[in-house]
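Listed here are the chains, written in short residue letters.
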Amino acid sequence: MSVASKMVASAALLGGLLVCLALLARAQGQDPAGAGAPPAPAALAATAGASPQLPLVARPPAEQPPVGLPGDAHLDKTPPRRTKGLDLVRMGWTYNCMECHKLIPARWHYDRPMAEHQDIRLEHGNNRFCLNCHHPTNRNAFVDYDGSEIAQRDVVLLCGKCHGPTYRDWEAGVHGRANGYWDTQKGPKTKLRCIQCHDPHQPAFKPMPPLPPLRYPPRAAHGRSRIERPEDNQP
Amino acid sequence: MNENPHNSVSPKTIEQVYQPVTRRTFLKGTAAAMAGLAGLVAALKPLLALERGEMTLDDLLQKHYRELKPEELQRILRELEARCAREHGVQPVIRDLKPLPGVEFGYALNLTRCIGCRKCAHACLQENNQSRSSADDIEMSYIRVLELKKGAINLEESDLYYNPQTVPQKDKYYMPVQCHQCRQAPCTKVCPVQATWQEADGIVVVDYNWCIGCRYCMAACPYDARRFNYRKPNLQSARINPNQSYLSNRIRPKGVVEKCTFCLHRTRDGKYPACLEVCPTGARVFGNLLDPDSEISYILKNKRVYILKEDVGTLPRFYYFFDQ
Amino acid sequence: MSEYLTFLWRVVRISFQGSWKFYAWMTLLSVVSLVGLHAYARQVVEGLETTGMTNQVSWGAYIANFTFLVGVAAAAVMLVIPAYIYKKQFMHEVVLFGELMAIAVIIMCLLFVTVDLGHPERFHHMIPPFGIFNFPGSILSWDVIVLNGYLLLNLHIAGYLLYCRYRQTQPTKKFYIPFVFISIAWAVSIHTVTAFLYVGLAGRSYWHHPLVPSRFLASAFVAGPALMILVFQVIRRFVRYWIGDEPIFTLRMIMTVAMIINMFLLGCELFTEFYSPTQHAAAAHYLYFGLHGHNGLVPWIWTAIVLDLVGLALLITPISRKITGLNLACVACVVGIWIEKGMGLIIPGFVPSPLGQIVEYLPTFNETLVCVGIWAFGALLYSWMLHVAIPIMNGSLRARPEIASSTQPSS
């Protein structure tokens, strides 16, 4: 073999290696099984910018002061669900999703648990698309029907985007629990946000164990008479 | 009149009755009287166990709540507070709250959202100072949560004692029932002493110091909403709710009837009742029916509400509705 | 006035004069009454928790006995009607016993209501001006008026007639005849008003129908005369007072007719409840066949129906023309109707509860003692009244004993 042919062969090898690396790099950020692979995030931003301009509606921010009145310690008013992330945000943490999502583009479909966020399983009925709720570029925000951002603290507006009648009922105070004063001239009325009862990825209200049946007449009730409670017979 | 010859009696038969009392008769009579008295005293011995101060002359002479002068009522409230402090070691604050002007209460319950967790029933026990400290006590919460099969309202097939691992169960729905504060309440009609009546804001209340305990109102109620204190309420001091009021959750004596008062010690202050505050799904809606912007007015305007046992004609203030 | 005081003194004297059998009977009744009083004292201290009543079944043995006894009291009218309206002379010798029984029985009724109250010391809350009387809204207030009125009527009539007999004067018609006629209507009213206590409650479909007052009256007019017939046998055997056969067989005839009506109305009730499978019939189902495995009352009601039918059969056949057969029929009828009115009416009204809950009821031992004590006290009262009245009726107890004879002016 001559020197020239050796050089051509190594060049080809190097070129092949580079091509492989490039391909690998592309594959990292792409859905390997996605037949109809979505365009790159940059392309999406361009598309969003080109959607029709919808009128912006003024929306009040969803203000929820803390629940409960002093003197009601015997009544358990904790919300049914502990909200993790957005409560941290309200408490002042910088919960900045863009830290990771600067690099990693979002997937469109949900069909398998993700590598990160393994605790999230999406069972939201017909809503199978992550980006129906999450903003595609600014992962610290949610997305409105016209593509604009909904801030994290205004998460109820996101739910109201699709669940209009329920949101209307919630605004009126009849969906979900109100606490405090029915007569707002005498004191504050508070209500819970959607995510304090419903896990946004699995919104169906979780069944909970019931409190035990009340103790009925020990003499004449059928069968279930002697119900013991741990706090019985204490001074 | 007795013409029959079989009868040949005359005053001679009972001659002794007409004679003056002999010493013998007198002694016999005294001995018999002593024996009788001893028997009577033995029979009444358990009354010694009656607590001091359980039945005072002041209690007996107390007038009906609606006829009490303000200073008399205040004296009674202080006396009741002192009694509670003596018996339980907890000094409560017993207020007398009058109905708010321009307010008529209404309550609605969303049967789609109720999951049967019974938090309302247990909160009611805690808020209203009901008897519950030993295994022998019944927990007579004013709220009964019924588990019904989907498809019909057949109260006879309802289950009060359901206790599955989780609620709601798939083919069941849950209906809490409490006093409906009926506009045409059968209970207020039948009380012989008018110890129970409907106030201006719609709440049917009981004056526990006036009730004679005949339990006619309990027989009359179509919703099984009233409870009777067959014994003196048994409470642990740590679990007494000190925010009390005369007509609602002060600690009742034995022998009187009690019922849900829509937590009037809270609601007449503008707060929500305890059952609503703890409901995890927000199935309960409460407010002022006369206010067109209240939540309860919203429900009555926009949801398909119905009432329980409409055929009995009680016109209750408690509405049930389904959301979807 | 002094004559009246002498009369009272002689009543006291005669109350303690009698045979050893009288003493034994009265001592037994006194002891049982005191036992009942003791049980009631325990109930006063501990509250009504000593009874078997619950929040679901809030009326029990006390009100059941009360209901039965109001019926018995009403039945005195069955003696008064033949005597004063049909002017059957032979009834006059026994009318007084009916009225005295009405007095004793009404006092028993009032006692049963008193022991049922959670706060009997607050009864003055019912009496204006100290209290508030919910008249005419509450049927219980009507009941208080009619029962006490009936007691006063009978006390007056019996007392007046006895006192006149004692003084051997002719009773003035205007002092008692109007009251007698009032008492006829009043007797019907006491039992109708007691029935209306239950009938007016729309939330309890077992009670909320018009047959309830009709059956009340029909069964009262069986049980009352039956008890009277048994009392007459006792008077015949133990006391020097003759009661002829005619009063007894008049009562038998009244009982027969009333029992036929009672059974017919029972048949109407059973047909209405069970022909169509409605939910309104849940209480009747519980009573006659048991409901969801709870059948505590089933043996009781069927025993009552069998006893009623046996009583009816004995009454309409010639068997009851013999005094033994008649006594048997009376006992069967009284026991059957006592069960029917007590356990067969009051308890099923509460089972199932308005929310469909089934809580069964059984009286506790303490409760039973109180009931037995009140029955014994009523028997004591009646025995005492008879013990005083019969010497007046048969001529031994007189204001002026030296001019007394065995022939009496008619009254």
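Worth saying up front: this structure is predicted, and the values here are computed from it rather than measured.

## A word on the interface of chain B and chain A
Phase 1 of the analysis: Taken together, the contact pairs 61 residues of chain B with 48 residues of chain A.
Phase 2 of the analysis: For the pairing of chain B and chain A, the buried interface totals around 4700 Å² over both sides, and the portion due to carbon and sulfur atoms is 55%.
Phase 3 of the analysis: Counting across the interface, chain B meets chain A through two salt bridges.
Phase 4 of the analysis: Between Lys303 of chain B and Asp169 of chain A there is a salt bridge, with its nearest N and O atoms 2.7 Å apart.
Phase 5 of the analysis: Seen at the junction of chain B and chain A, the total is 17 residue pairs in polar contact (both at pLDDT 80 or more).
Phase 6 of the analysis: Elements with a contribution of two residues or more to the side of chain B that touches chain A: helix 5 (119-127), helix 8 (264-267), helix 9 (274-278), strand 10 (284-288) and helix 10 (295-302) of chain B.

## Details of the interface of chain B and chain C
Phase 1 of the analysis: Across the contact, 76 residues belong to chain B and 79 residues belong to chain C.
Phase 2 of the analysis: With a closest N to O distance of 3.5 Å, Arg231 of chain B and Glu49 of chain C form a salt bridge.
Phase 3 of the analysis: Counting the contacts that link chain B with chain C gives 33 residue pairs in polar contact (both at pLDDT 80 or more).
Phase 4 of the analysis: Of all the elements in the fold, those that place two or more residues in the side of chain B that touches chain C are helix 1 (15-18), helix 2 (23-43), strand 3 (144-149), helix 6 (186-190), helix 7 (216-220) and strand 7 (226-228) of chain B.
Phase 5 of the analysis: Ranked by residue count, the leading element in the side of chain B that touches chain C is helix 2 of chain B, at five residues.
Phase 6 of the analysis: The residue makeup of the side of chain B that touches chain C, split by class, is 45 nonpolar, 18 polar and 13 charged.

## Brief notes about the layout of surface pockets
Phase 1 of the analysis: If you add up the space inside the second largest pocket, you get close to 1600 Å³.
Phase 2 of the analysis: Lining the second largest pocket we find 47 residues, and of these Ala32, Ala33 and Gly36 of chain B together with Phe16 and Ser30 of chain C sit closest to its centre.
Phase 3 of the analysis: Counting only elements with at least two residues in the lining of the second largest pocket, the list comes to helix 1 and helix 2 of chain B together with helix 1 (2-15), helix 2 (20-46), helix 5 (92-116) and helix 13 (365-394) of chain C.
Phase 4 of the analysis: Considered class by class, the residues forming the lining of the second largest pocket number 27 nonpolar, 17 polar and three charged.

## Section: the domain arrangement of chain B
Phase 1 of the analysis: Taken domain by domain, chain B consists of domain 1 (26-54) and domain 2 (105-322).
Phase 2 of the analysis: On a C-alpha basis, the centroid separation for the pair domain 1 of chain B and domain 2 of chain B is 46 Å.

## Here's the deal with the packing of helix 5 of chain C against helix 6 (residues 139-167) of chain C
Residue and element names in this part refer to chain C.
Phase 1 of the analysis: Two elements in contact, helix 5 and helix 6, have axes separated by 9 Å at closest approach and are oriented at 145 degrees. Relative to helix 6, helix 5 is oriented so that their crossing is left-handed. Across the interface between the two elements, Leu96, Glu99, Leu100, Ala102, Ile103, Ile106, Ile107 and Leu110 of helix 5 pack against Leu147, Asn148, Tyr150, Leu151, Asn154, Leu155, Ile157, Ala158, Leu161 and Leu162 of helix 6.
Phase 2 of the analysis: Its residues assigned to classes, the contact of helix 5 with helix 6 comprises 15 nonpolar, two polar and one charged.

## Thoughts on the pattern of salt bridges
Residues and elements named next belong to chain B.
Phase 1 of the analysis: Evaluated as defined, the whole model comprises 28 salt bridges over all chains.
Phase 2 of the analysis: Taking the shortest distance from any N to any O, the salt bridge between Lys172 and Asp171 comes out at 3.8 Å.
Phase 3 of the analysis: Between Glu258 and Arg252 there is a salt bridge; the shortest N-O distance is 2.8 Å. For the pair Glu258 and Arg252, one class covers both residues: buried.

## A look at the sheet that holds strand 12 (residues 318-321) of chain B
Residue and element names in this part refer to chain B.
Phase 1 of the analysis: Taking strand neighbours across the sheet as the criterion, the four strands line up as 10-2-12-11 in an open arrangement whose pairing is mixed. Every other strand in the sheet has two partners, leaving strand 10 and strand 11 (305-306) as the edge strands with one partner each.
Phase 2 of the analysis: In the packing of helix 10 onto the sheet, contacts are made with strand 2 (105-110), strand 10, strand 11 and strand 12, and the angle to strand 10 comes to roughly 110 degrees.

## Here's the deal with the packing of aromatic side chains
Phase 1 of the analysis: Scanning the model with the defined rule gives 39 aromatic pairs over all chains in all.
Phase 2 of the analysis: Consider the rings of Tyr162 of chain B and Tyr174 of chain B, whose centres lie 5.2 Å apart with planes at 55 degrees: the pair is tilted. Linking Tyr162 of chain B in the loop between strand 3 and strand 4 (172-177) with Tyr174 of chain B in strand 4, this pair joins segments that are 12 residues apart in sequence.
Phase 3 of the analysis: The exposure class assigned to Tyr174 of chain B is buried, which follows from its relative accessible area of 0%.
Phase 4 of the analysis: Judged by centre distance (5.2 Å) and plane angle (85 degrees), the ring pair of Tyr4 of chain C and Tyr163 of chain C falls under edge-to-face. Highlighted residues: Tyr4 of chain C in helix 1 and Tyr163 of chain C in helix 6, separated in sequence by 159 residues.

## Overview of the pairing of strand 2 of chain B
Residue and element names in this part refer to chain B.
Phase 1 of the analysis: Most of strand 2 sits inside the fold, with six of its six residues counted as buried.
Phase 2 of the analysis: The alternating pattern of strand 2 places Phe105, Tyr107 and Leu109 and Gly106, Ala108 and Asn110 on opposite faces, both of which are buried.
Phase 3 of the analysis: One ladder, built from five bridges, connects strand 2 with strand 10; its direction is antiparallel. Looking at the pairing, Leu109 lines up with Arg284 of strand 10.
Phase 4 of the analysis: Judged from the four bridges that link them, strand 2 and strand 12 form a sheet pairing that is parallel. Bridge assignment links Asn110 to a residue of strand 12, and that residue is Phe321.

## Re helix 11 (residues 298-316) of chain C
Residues and elements named next belong to chain C.
Phase 1 of the analysis: For helix 11, which comprises 19 residues, the first-to-last C-alpha distance of 27 Å matches the rise-based estimate of 27 Å (1.5 Å per residue) to within 8%.
Phase 2 of the analysis: Every buried residue belonging to helix 11 is among Val298, Ile301, Ala304, Ile305, Asp308, Gly311, Leu312, Leu314 and Leu315, and all of these are buried.
Phase 3 of the analysis: As for helix 11, its buried residues are in contact with helix 9 (245-274), helix 10 (282-288) and helix 12 (323-350).

## Points about the packing of helix 1 of chain C against helix 13 of chain C
Residue and element names in this part refer to chain C.
Phase 1 of the analysis: Close contact between helix 1 and helix 13 brings their axes to 10 Å; oriented N to C, the two are set at 115 degrees. Both helix 1 and helix 13 take part in a crossing whose hand is right-handed. The segment helix 1 lies against helix 13, with Phe7, Val11, Ile14 and Ser15 engaging Trp384, His387, Val388, Pro391 and Ile392.
Phase 2 of the analysis: In the contact of helix 1 with helix 13, the residues fall into seven nonpolar, two polar and no charged.

## Examining helix 4 (residues 70-88) of chain B
Three or four residues apart is the spacing at which side chains of an α-helix point the same way, because the helix has 3.6 residues per turn.
All names here are of chain B.
Phase 1 of the analysis: With 19 residues, helix 4 extends 27 Å between its outermost C-alpha atoms, agreeing within 8% with the 27 Å of an ideal straight helix rising 1.5 Å per residue.
Phase 2 of the analysis: Those residues of helix 4 not exposed but buried are Leu73, Ile76, Leu77, Leu80, Glu81, Arg83, Cys84 and His88. Considered in projection along helix 4, the buried side chains sweep an arc of 160 degrees and stay on one side of the axis. In helix 4, those exposed residues whose orientation departs by more than 90 degrees from the buried face are Glu71 and Arg86.
Phase 3 of the analysis: Buried residues belonging to helix 4 abut helix 3 (57-61) and strand 1 (93-95).
Phase 4 of the analysis: Among the residues trailing helix 4, Gly89 stands out with phi positive, at a value near 80 degrees.

What counts, and where the lines are drawn
Throughout, residues of each chain are indexed from 1 in the direction in which the sequence is written. By the order in which they are written, chains take letters starting at A while ligands take numbers starting at 1. Two thresholds apply to this predicted model, a pLDDT of at least 70 for residue-level local features and 80 or more for giving and counting side-chain atom pairs, whereas whole-chain, interface and lining totals are computed over all residues. Just so you know, side-chain values use all the structure's heavy atoms and leave hydrogens and water out. In what follows, residue pairs with any heavy atoms lying within 4.5 Å of each other are defined as contacts. Buried area is calculated as the accessible area (1.4 Å probe) missing from two parts once they are joined, with the contributions of both summed. A side-chain nitrogen of Lys or Arg and a carboxyl oxygen of Asp or Glu constitute a salt bridge if their distance falls within 4 Å. We call two N or O atoms a polar contact when they sit within 3.5 Å, provided that within protein one can donate a hydrogen and the other can accept it, with sequence-adjacent residues counted only if both atoms are side-chain atoms. In DSSP terms, a helix is any run of H or I states spanning at least four residues, a strand is any run of E spanning at least two, and both are numbered starting from the N terminus. All residues other than Ala, Val, Leu, Ile, Met, Phe, Trp, Tyr, Cys, Pro, Asp, Glu, Lys and Arg, Gly among them, are scored as polar; the first ten of these are nonpolar and the last four charged. With a 1 Å grid spanning the protein atoms alone, the term cavity applies to any set of points in which a 1.4 Å probe fits but cannot get out, the term pocket to an open set with protein on both sides within 12 Å along at least five of seven lines, and the term lining residue to any residue with an atom within 4 Å of a point. Grid points are joined across faces, edges and corners, and a volume is the space filled by probe spheres set on the points. The domain boundaries here were taken from an automatic or database domain assignment. Angles run from 0 to 180 degrees between N-to-C directions of axes, and those axes are lines fitted to C-alpha atoms, restricted for helices to the stretch in contact. Handedness of a crossing follows from how the near helix is turned relative to the far one, being left-handed for an anticlockwise turn of less than a right angle and right-handed for a clockwise one. Classification of residues uses two cut-offs on accessible area relative to the type maximum, computed with a 1.4 Å probe and protein chains only: under 20% is buried, over 50% is exposed, and between them is partly exposed. Strands are labelled as partners when DSSP assigns at least two bridges between them. Aromatic rings from Phe, Tyr and Trp, taking only the six-membered ring of Trp, are treated as a pair when their centres fall within 6.5 Å; an angle between ring planes under 30 degrees marks them as stacked, one over 60 as edge-to-face, and anything in between as tilted. Any helix carries an expected span of 1.5 Å times its number of residues minus one. The reported arc concerns the directions from the helix axis to the C-beta atoms and nothing else.

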